[in-house]
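What the coordinates show
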Amino acid sequence: MRSNRGSWDVQRSGRIKRRFKDGATSALTKPPGATRIEEACAGLHGSEHYRISVELAHHISWSADPGGAIRTVSSRWEEVTGIAPANALDNGWIDALHPADVEPTLDAWAHAVAAQSPIDVDYRLRSAGGSYRWFRSHASPYLDEAGLVLAWFGTLDDIHDRKRAETALVASEERFRLAAQAAGIGIWDYDALLHRRTWSDEFRGMLGLKRDVPAEPATALALVVPEDRPLLQSLINSIPDGNADARFDVTLRIRRADTGVIRWMQTSGWRVKAANDRIERVLVTVRDVTEQITAEQRIRWAAEHDPLTGLANRTTFNRMLEEAIVRRSGDDSAVLTLALFDVDHLKDINDTMGHDAGDRLLCAVADRLGAAMGNGALLARLGGDEFAALIETNTDGAAHARFAAALQSLRQPLMTELMTLDCQATAGTAVFPRDGRDAHDLLKAADIALYAGKAGARGAISNFQSEMRAGMQRRASMLSVARMIARDDRIMPFYQPKVTLIDGGLSGFEALLRWRHDTLGVQGPDTITAAFDDLAVASELGERMLERVCLDMARWRDAGLTLASVAINLSPAEFRRDDLFDRVMAQLRQHDLPATLIELEVTETVFLDRGNELVGDTLSAFHDAGVSIALDDFGTGYASLKHLREFPVDVIKIDRSFVADLAENTGDAAIVDAVLGLAQRLGITVVAEGVETQEQAAYLLSRDCALAQGYLFGRPMPAAQAAELLRSRM
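Residues numbered from 1 in each chain as written. Predicted model: local features only at pLDDT ≥ 70, side-chain atom pairs only at ≥ 80, totals over all residues. Heavy atoms only, no water.

Focus on the overall build of the protein
When helices and strands are tallied, the protein shows 25 helices and 31 strands. Long-range contacts, defined here as pairs at least 24 residues apart, represent 58% of the contacts in the protein between residues at least 6 apart. Accessible area for the protein stands at about 36,800 Å²; split by element, carbon and sulfur atoms hold 51% of it. (Helix = DSSP H or I, 4+ residues; strand = E, 2+ residues; numbered from the N terminus. Contact = heavy atoms within 4.5 Å. Areas by Shrake-Rupley, 256 points an atom, 1.4 Å probe, with all protein chains shown as cover.)

Next up, the structure:
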């Protein structure tokens, strides 16, 4: 066969030589009788350009007869395999195949020949060095006009590097799959080029699906709760968008297909883009984070709520209050009202009935407030016995009515299996923006109103008034001064004599609190009255006062003076301390003073406070130890006769308000007479206070009143003057 560019010489050796104009030759192996293939080749390979391309190509070119026997192979074959092309003809090429690839390769080739269809098959060829490399064989049949196969023409392409990369990728993906499986991570893999979706068994298990359920987006979407469904739908819709972010994360809830239980799923995805910036793959990892989110929710809930009542705590309420103020700023369409509720006598319930009872009461208060305030109210427990409510109403009156209903509901006793608990609260309110323009000021105003209510209107609502602020500031100033007095040991007791009316002899003293001011001199207790209602400050003052009285008495004794009894006032706040008896007796022992020289004066408010059983026990302990108990300001309180019967009272002190008008007011005289008669029948000593005239003293003496004190007999005096008085009676 010849052409104008060269010629094919068929030699006896079976070599077909390609002759070029320059005399160079190259060859394709040709077995005898290959004329038909030569003709086909001549028709296809009629150009010099094609022939040169074949010889210079990196792939191996080959041809076969209609039956599949190899008839020609390019010289590249020998370079790769080290096998002469002549030895590769017919079925000789099979010797270069990897043993594991022989059967599948021959099966694929036989099927292609029989079907006269193109073939693509990968297999390994042994190289000249003895190792194997991967090649891809591609061939197509060449047909005549009748559709009969004239020949097969194919190529062998070296794909070894790509195979290695694919193997490494498969190994990497397998490691990733195993790691994901070990970590309990589900996989959703989408091949955008092949439009193929793959779900791992772990992912199906998370969804509650069987393993044979197809990986369809609609299936997963149907399991997402309706509120979160748009999140997943937007991700699905974004897959074709080449401008979408490469990485995405979203957490959503699904309802398991098998149990219907709602679970939280955290999905993290990666979009893999091709060189043309089109997305070719999307890989999504899915983790069930229900326990983690549940734990986080519990932590968040605990950080924002009171664990006992379940209401918002102080921090959360402050934030909600600030947010409500921001919403209402510049809007006069509604009234924003804050109320603070203080549960009365909670400490007494804790002390007498135990903290379990107190906790049940607090929970009942929370429930009743919630029921009374209704929807739309923000409720919180700010701590201890204090609750808060924030509501929006059309008028101040509407808010007041709801708060009043809440207080009324709290007044109902709490019935338990073992006891009945009295329940009551006091409320203070403030209105935005009239009483405060920010959360801090509004809370402060409501707190001031609450304090005013606790001082004078327990069980009721006190609305903030501007003058309350001055009273609160005075109280704060008094407490500050009182703390300074106790800290700097500025207390100096003054002593007012008590005398026997029959002869005017000294019977004892009442120790009265005074304190030393650097510039103003001696100050009375009226400058720090608020301190006596504060548990901590009152206890400190009481302890310092007792200590100074005991020191004075010890000095008098050491000076050789005959001691007289001294009465010391105890505030109601001091009785709220469990160690009152121990503290007093410890001071007496420290200064080696007999208990019979001390008289403790209490007012009837001590008996009226909650926990009066503890008060009674404490007074009984003092009485049994030899300490006298005096009931001060008798007749000005409530249920006095009951107190005389139930508590160990040794002395009654008639209040000065009854003594002042004895001569002019027959009513006062009648009361004094009645008290004296009652005390004589009960065997209780009576001391009349505030005696300032001889007429008053004479009247009292005529009614057999034994003791009196007042300016007529002596004003309160410092310890040195009291010592002189003791010395004068010797």
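Now that the structure is up, let's keep going.
Quick word on helix H25 (residues 719-728)
The set of residues buried in H25 consists of Ala719, Ala722, Ala723 and Leu726. Buried residues of H25 fall within an arc of 105° about the axis and therefore sit on the same side. The exposed residues of H25 that point more than 90 degrees off its buried face are Ala720 and Ser728. (Buried < 20%, exposed > 50% of the residue type's maximum accessible area, 1.4 Å probe, protein only. Arc of directions from axis to C-beta.)

Section: the pairing of strand E10 (residues 185-191)
Most of E10 is tucked away, with six of its seven residues classed as buried. Two strands pair when backbone bridges link them, and E10 and strand E11 (residues 196-199) are joined in this way by four bridges, in the antiparallel orientation. If you follow Asp191 over to E11, its bridge partner there is Arg196. (Pairing = 2+ DSSP bridges.)

A word on the sheet that holds strand E17 (residues 386-393)
Ordered by their spatial adjacency, five strands build an open sheet running E16-E17-E15-E20-E21, and the pairing between neighbours is mixed. Each of the sheet's edge strands pairs with one partner strand only, and the pair in question is strand E16 (378-383) and strand E21 (461-463). Between one strand and the next, the sheet's axes are offset by a mean angle of 25°, whatever the strand orientation. Summarising the sheet, E16 and E17 pair through five bridges and their orientation is antiparallel. (Axes fitted to C-alpha atoms, helices over the stretch in contact; angles between N-to-C directions.)

Focus: the packing of helix H15 (residues 439-456) against helix H16 (residues 466-487)
The interhelical angle for the contact between H15 and H16, taken along N-to-C directions, is 75°, at an axis separation of 9 Å. Comparing the axis directions of H15 and H16 gives the class roughly perpendicular. Here H15 contributes Lys444, Ala445, Asp447, Ile448, Ala449, Tyr451 and Ala452 to the contact with H16, which in turn contributes Met468, Arg469, Met472 and Arg475. Residue composition of the contact of H15 with H16, grouped by class: seven nonpolar, no polar and four charged. (Parallel < 35°, antiparallel > 145°, perpendicular 65-115°, else oblique. Nonpolar A, V, L, I, M, F, W, Y, C, P; charged D, E, K, R; others polar.)

Details of the packing of aromatic side chains
This structure, assessed with the given rule, holds twelve aromatic pairs. Relative to Trp109, the ring of Trp62 has its centre 5.6 Å away and its plane inclined at 85°; by these criteria the two rings are edge-to-face. In this pair, Trp62 sits in strand E5 (residues 60-64) while Trp109 sits in helix H5 (residues 99-115), placing the two residues 47 residues apart along the sequence. Residue class for Trp62 comes out buried when judged on its relative accessible area of 10%. For the ring pair Trp188 and Trp199, a centre distance of 5.4 Å and an interplane angle of 70° mean the geometry is edge-to-face. You can see Trp188 sitting in strand E10 and its partner Trp199 sitting in strand E11, a full eleven residues away along the chain. One exposure class covers both Trp188 and Trp199, and it is buried. (Phe/Tyr/Trp six-rings, centres within 6.5 Å; stacked < 30°, edge-to-face > 60°.)

Looking at the pattern of salt bridges
With the rule as written, the count across this model stands at 34 salt bridges. In this structure, Arg124 and Asp101 form a salt bridge, with 2.8 Å as the shortest nitrogen-oxygen distance. Of this pair, Arg124 sits in strand E7 (residues 119-126) while Asp101 sits in helix H5, and the two are 23 residues apart along the sequence. Note that Asp228 and Arg253 form a salt bridge whose closest N and O atoms lie 2.9 Å from each other. With Asp228 in the loop between helix H8 (217-223) and helix H9 (229-238) and Arg253 in strand E12 (residues 247-255), this residue pair connects regions lying 25 residues apart in the sequence. The class for Asp228 is buried, based on a relative accessible area of 8%. Each member of the salt-bridge network shares a partner with another, and the members are Arg487, Asp488, Arg490 and Asp518. (Salt bridge = Lys/Arg side-chain N within 4 Å of Asp/Glu carboxyl O.)

What to know about unusual backbone geometry
Here the residue pair Phe432 and Pro433 is connected by a cis peptide bond, since its omega of 0° sits within 30 degrees of zero. Mapping Pro433 onto the fold places it in the loop between strand E20 (425-432) and H15. Non-glycine residue Asp90 carries a positive phi angle of around 55°. Note on placement: Asp90 falls in the loop between helix H4 (85-88) and H5. At Asp489, a position not held by glycine, the phi torsion is positive, near 55°.

Side note on the sheet that holds strand E30 (residues 685-688)
As summarised here, the arrangement of the eight strands in space is E22-E23-E26-E27-E28-E29-E30-E31, forming a closed barrel in which the pairing is mixed. Here strand E26 (residues 565-569) pairs with strand E27 (residues 598-602) via four bridges, running parallel. Each bridged residue has a counterpart across the sheet, and for Asn569 the counterpart in E27 is Glu601. Contacts from helix H17 (residues 535-558) reach strand E22 (494-500), strand E23 (506-512), E26 and E27, with the element oriented near 170° to E26.

As for the packing of helix H12 (residues 346-353) against helix H13 (residues 355-373)
Remark: H12 packs on H13, axes separated minimally by 6 Å, with the N-to-C direction vectors making an angle of 140°. For the pair formed by H12 and H13, the contact residues are Leu346, Ile349, Asn350 and Met353 on the first element and His355, Ala357, Gly358, Leu361 and Leu362 on the second.

A look at the environment of Asp249
Mapped onto the fold, Asp249 is located in strand E12. The sequence separation of Asp249 and Gly269 amounts to 20 residues, and the corresponding C-alpha distance is 6.3 Å. Those residues in contact with Asp249 that sit more than four places away from it in its chain are Thr267 and Ser268.

What to know about empty space enclosed by the protein
Summed over all chains, the structure comprises five cavities of 30 Å³ or more. Lining the largest cavity we find 21 residues, and of these Trp188, Leu232, Leu235, Thr267 and Val284 sit closest to its centre. Computed from the structure, the second largest cavity encloses a volume of approximately 170 Å³. If you go around the second largest cavity, you meet 14 residues; those closest to its centre are Trp62, Ile70, Trp93, Tyr123 and Ser137. Counting residues per element, the ones that place at least two in the lining of the second largest cavity are E5, strand E6 (70-73), H5 and E7. It is E7 that provides the largest number of residues to the lining of the second largest cavity, a total of three residues. Of the residues contributing to the lining of the second largest cavity, the split by class is twelve nonpolar, two polar and no charged. (1 Å grid on protein atoms, 1.4 Å probe; cavity = no way out; pocket = protein on both sides within 12 Å on 5 of 7 lines; lining within 4 Å. Points joined across faces, edges and corners; volume = space filled by probe spheres on them.)

Focus: the side chain of Arg204
Inspection of the secondary structure assignment puts Arg204 in helix H7 (residues 201-207). It turns out Arg204 is buried and unbridged, and the closest side chain with the opposite charge, Asp201, is 4.3 Å from it. Residue contacts for Arg204: discarding those within four places in its chain leaves Trp199, Leu209, Lys210, Arg211, Val213, Pro214 and Ala215. (Lys, Arg positive; Asp, Glu negative; His and termini not counted.)

Side note on the confidence of the model for the protein
Regions with low pLDDT should not have their predicted coordinates read in detail. Confidence in the prediction of the protein, expressed as mean pLDDT, is 84, and 86% of residues score 70 or more. Between the elements of the protein, mean pLDDT differs from a low of 29, seen in strand E2 (residues 6-10), to a high of 97, seen in E22. pLDDT under 50 marks residues 1-34. Its contacts with residues more than four places away, or in other chains, come to 72 contacts. (pLDDT = per-residue confidence, 0-100.)

Looking at the side chain of Ser268
You can see Ser268 is positioned in strand E13 (residues 262-273). At a separation of 2.5 Å, a polar atom in the side chain of Ser268 contacts the side chain of Asp249. Excluding residues within four positions of it along the chain, Ser268 makes contact with Arg247, Phe248, Asp249, Leu283, Val284 and Thr285. (Polar contact = N/O pair within 3.5 Å; in protein donor to acceptor, adjacent residues only side chain to side chain.)

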